[in-house]
Amino acid sequence: MSSSSSKFVYGNWKMSQSLSSLTEFVKSWKAVSGLEVGLFPSYPHLSKLLVEMQKIDPQLKIGAQDCSTEAEGAFTGEVSANQIRELGATHILIGHSERRQRVPETPVSLKSKLQSALSAQLIPVFCIGENEKERAEGETYRILENQLKVIEGFEAQLILAYEPVWAIGTGKVAQPKDVEEAHAFIWKKAPKIRGLLYGGSVKPDNSKDLARVAGVSGFLVGGASLKSDVFRKIAESVL
Ligand code: PGA
């Protein structure tokens, strides 16, 4: 198990926040100290959140949910890691299972994204996790091991999030025992990472127990990160 004792709670807003709900969130947000808190809004909301949060909670980290494999050029509809960094964002999600499902991510594309993010000086939060069928077939550890091959050479520069796909947005949170086993496996394979988050249906009523599980450095929270009071409760439960 890693000696890293840093704690992180990140909110992945997906495509779920509007400009007015974002403003509501910022207005009612109160900083939490003692851990790193971060938010990942949609691209069009990055600038506004960066400017607004600067006044309320300058320590809060802000990142994007994906980036192009390319640094610049004729790639209509894509957003580069450099453009994200230029705005002032510091972090980036890479390999979230919802991206993996919607675009044909490959080990090569994921590696390029990691490289682009790191050259732009963004800290990647790299997501891995098995789906329901893979777990049922006893393939969890083979899948995790394969997914971890992508981060070879980058380990020390990134944060990992273990997010079993069957637990994302489903309300089916993984049991502490399953989380402990998966986290122990990942730490063994990637001991140099900066932290290992759990993600998948984290809510204030399960976050305290999950935060106590060995090997858990914090959470990547989807649905429960949209409201500031709920997200804050989760952050406090990690302290
Ligand atoms: P959820 O999403 O908390 O809504 O399950 C987690 C995630 O997708 O990162």
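Remember, predicted model here, so these are calculated numbers, not experimental data.

Calculation rules
Residues numbered from 1 in each chain as written. Predicted model: local features only at pLDDT ≥ 70, side-chain atom pairs only at ≥ 80, totals over all residues. Heavy atoms only, no water. Helix = DSSP H or I, 4+ residues; strand = E, 2+ residues; numbered from the N terminus. Rg over C-alpha atoms; globule rule 2.2 N^0.38 Å. Buried < 20%, exposed > 50% of the residue type's maximum accessible area, 1.4 Å probe, protein only. Contact = heavy atoms within 4.5 Å. Areas by Shrake-Rupley, 256 points an atom, 1.4 Å probe, with all protein chains shown as cover. Lys, Arg positive; Asp, Glu negative; His and termini not counted. Charge placed at Lys NZ, Arg CZ, Asp CG, Glu CD. Near = heavy atom within 4 Å. Polar contact = N/O pair within 3.5 Å; in protein donor to acceptor, adjacent residues only side chain to side chain. Nonpolar A, V, L, I, M, F, W, Y, C, P; charged D, E, K, R; others polar. Right-handed = clockwise from strand over helix to strand, strands pointing away. Pairing = 2+ DSSP bridges.

Caption draft 1: Representation of the overall build of the protein chain within the structure. Scanning the protein chain from N- to C-terminus turns up 10 helices and eight strands. Taking 239 residues into account, the globule formula puts the C-alpha radius of gyration at 18 Å, and the protein chain, at 17 Å, falls close to it. Seen along its three principal axes, the alpha-carbon backbone of the protein chain occupies a region of about 45 × 45 × 30 Å. Within the protein chain, the proportion of its 239 residues that are buried is 51%. Across the protein chain, the fraction of contacts at a sequence separation of at least 24, relative to all contacts at a separation of at least 6, is 73%. Element-wise, carbon and sulfur atoms account for 51% of the exposed surface of the protein chain, whose accessible area totals about 11,300 Å². One finds the centroid of the 29 positive side-chain charges in the protein chain at a distance of 3 Å from the centroid of its 27 negative side-chain charges.

Caption draft 2: Quick peek at the site of the ligand. Taken together, 13 residues are adjacent to the ligand, and Lys14, His96, Glu163, Gly169 and Ser201 come closest. One nitrogen or oxygen atom from the side chain of histidine 96 is found 2.7 Å from an oxygen atom belonging to the ligand. If the ligand stood free it would expose 280 Å²; the protein chains cover 97% of that surface. Across the shell around the ligand, the residue classes break down as four nonpolar, seven polar and two charged.

Caption draft 3: Spotlight on helix H10 (residues 228-237). When H10 is considered as a whole, its buried residues turn out to be Ser228, Phe231, Ile234, Ala235 and Ser237. Those residues of H10 that are buried lie in contact with strand S1 (8-12), helix H1 (19-28), strand S2 (36-40), helix H9 (204-211) and strand S8 (218-221).

Caption draft 4: Structural view of the pairing of strand S4 (residues 91-94). Where burial is concerned, the two faces of S4 agree: the one with His91 and Leu93 and the one with Ile92 and Ile94 are both buried. Tracing the backbone out of strand S3 (residues 61-64), into helix H3 (residues 81-87) and back to the parallel element S4 gives a crossover that is right-handed. Of the strand pairs in this sheet, S4 and strand S5 (residues 123-128) are connected by four bridges, and their pairing is parallel. Counted as the bridge partner of histidine 91 is isoleucine 123 from S5.

Caption draft 5: Expanded view of the pairing of S3. As defined by bridge partners, S2 adjoins S3 across two bridges and the pair is classed as parallel. Across the sheet, leucine 39 pairs through a bridge with isoleucine 62, a residue of S3. Between the parallel elements S2 and S3, the chain passes through helix H2 (residues 46-56) in a crossover that is right-handed. As paired elements, S3 and S4 share two bridges and run parallel to each other. Bridged to glycine 63 within S4 is histidine 91.

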